[in-house]
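These are the residues of each chain, in order.
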Amino acid sequence: MAAAITNPLELVTELGLDPGLVPPAAAAGSAFRLRVPRSYVARIQRGDPNDPLLRQVLPIEAELADTAEYTADPLGEHAAIRAPGLLQKYHGRALLITTSACAVHCRYCFRREFPYSQQTSESSRWSEALDEISRDTSIEEVILSGGDPLSLSDARLTGLTDAIQRIPHVRRLRVHTRQPVVLPSRVDAGLTQWLTQLRLPVVFVLHVNHPNEIDADVRAACALLRDSGVTLLNQTVLLRGVNDDAGVLAELSRALFEAGVLPYYLHVLDRVRGAAHFDVPEARARSIAGQLAARMPGYLVPRLAREIYGAPAKVTLSPSFTG
């Protein structure tokens, strides 16, 4: 993580791109800075400004546009806070913001303006969040999120999950992470030792948007996770210019399955400020989902969904088989 590229000039130079991309990247990255691991950069096509992986990480001028209905908190997470770093939007599940640190800064991130300094559940605040979970016997699943939970050390992860496992009504642990994809070396002996010592069933929800993100190192990381007893699912965000094509999504599902990961959700973009240029209109999203369903077996078709503030669950959108 320390070796990640954070300077637009360095990224543009490394990839042999037009230096004219640097000033708008610097301007757009002033509030939400560029961060991309070198292992991920190695998968980006040199000289191609439209590479689907590059589009996910390089700040561009369009992020500075003020677009109606795109806000700092598109999912109403502030209203879901129950304790410092503890969010609950849906029955039976609670989400712990474990850290603000991510290995990569995805330009469409719905938490790009999240007030981490107020809510991050660092060790001094975990006790209050865990006490709240302990008091509510309806919570049977704890979701570790962030930032990225795997930005924590193995020792801190162990301390946190030991405390969670002492809560008798918690039956499952879910980890939302992008690190096995963008920084697969994070899945090492220490991490797998932590996982094999857990008594709770563990689900990792990965975040892969394009088949080019899955290389041999990612497949090896997924194999280690599976060997540690982890169930692997994937969430994809539907992004204009990245994966808004049924053929690309079909290839992604194939690549995921070959890596031992099941497609789970295909998310319509959350309307966070600075990400409007990634939006795929809902009618087109439903059409793409229909095309994908028509060519793939059901277990390789992720559910098209949108998260709506105040709804009791994610809203599933029906695929369209016309148009």
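See the structure shown above.
Everything quoted here is computed from the prediction, not taken from an experiment. (Residues numbered from 1 in each chain as written. Predicted model: local features only at pLDDT ≥ 70, side-chain atom pairs only at ≥ 80, totals over all residues. Heavy atoms only, no water.)

A. Summary view of a nonpolar patch on the surface. A grouping of F257, L262 and Y299 is seen on the molecular surface, where their side chains present a nonpolar patch of about 310 Å² in accessible area. Overall, the relative accessible area of 35% leaves L262 in the partly exposed class. (Patch = residues over 30% accessible without salt bridge, like charges linked within 9 Å, V, L, I, M, F, W, Y side chains within 5 Å. Areas by Shrake-Rupley, 256 points an atom, 1.4 Å probe, with all protein chains shown as cover. Salt bridge = Lys/Arg side-chain N within 4 Å of Asp/Glu carboxyl O. Buried < 20%, exposed > 50% of the residue type's maximum accessible area, 1.4 Å probe, protein only.)

B. Quick peek at the nonpolar core. Of all hydrophobic cores here, the largest spans 59 residues; its most connected members are I164, W194, L195 and F204. Top element by residues in this core is helix α11 (residues 246-258). It accounts for six residues. Leave out the neighbours within four places in its chain, and I164 touches L130, V142, L144, V170, L173 and L200. (Core = buried A, V, L, I, M, F, W, Y, C linked by side-chain atoms within 4.5 Å. Helix = DSSP H or I, 4+ residues; strand = E, 2+ residues; numbered from the N terminus. Contact = heavy atoms within 4.5 Å.)

C. Here's a closer look at the pattern of salt bridges. For the structure shown, the criterion picks out 21 salt bridges. As a salt-bridge pair, E113 and R273 come within 2.6 Å of each other at their nearest N and O atoms. Placement of the pair is E113 in the loop between β3 (93-97) and α5 (116-119) and R273 in the loop between β8 (262-267) and α12 (282-295), with a sequence separation of 160 residues. Close ionic contact of E132 with R135 constitutes a salt bridge, the shortest N to O distance being 2.9 Å. Note that E132 and R135 are positioned in helix α6 (residues 123-135) at a spacing of three residues, about one turn of the helix. Looking at E132, the relative accessible area reads 17%, which means it is buried. Look at R135 and you get exposed, because its relative accessible area is 60%. Connected through shared salt-bridge partners, E77, K89, R111 and E307 make up one network.

D. Region of the structure containing the pairing of β8. The buried fraction of β8 amounts to five of the six residues, a majority that puts the element mostly inside the structure. Pairing of strand β7 (residues 231-237) with β8 involves five bridges; the strand directions are parallel. For L233, the partnering residue across the bridge sits in β8 and is L262. On the question of chirality, the crossover connecting β7 to the parallel β8 by way of α11 is right-handed. Bridging between β8 and strand β9 (residues 303-306) involves three bridges; their strand directions are parallel. Note that in β9 the partner of L266 across the bridge is L304. What joins β8 to β9 is α12, and the crossover it makes is right-handed. (Pairing = 2+ DSSP bridges. Right-handed = clockwise from strand over helix to strand, strands pointing away.)

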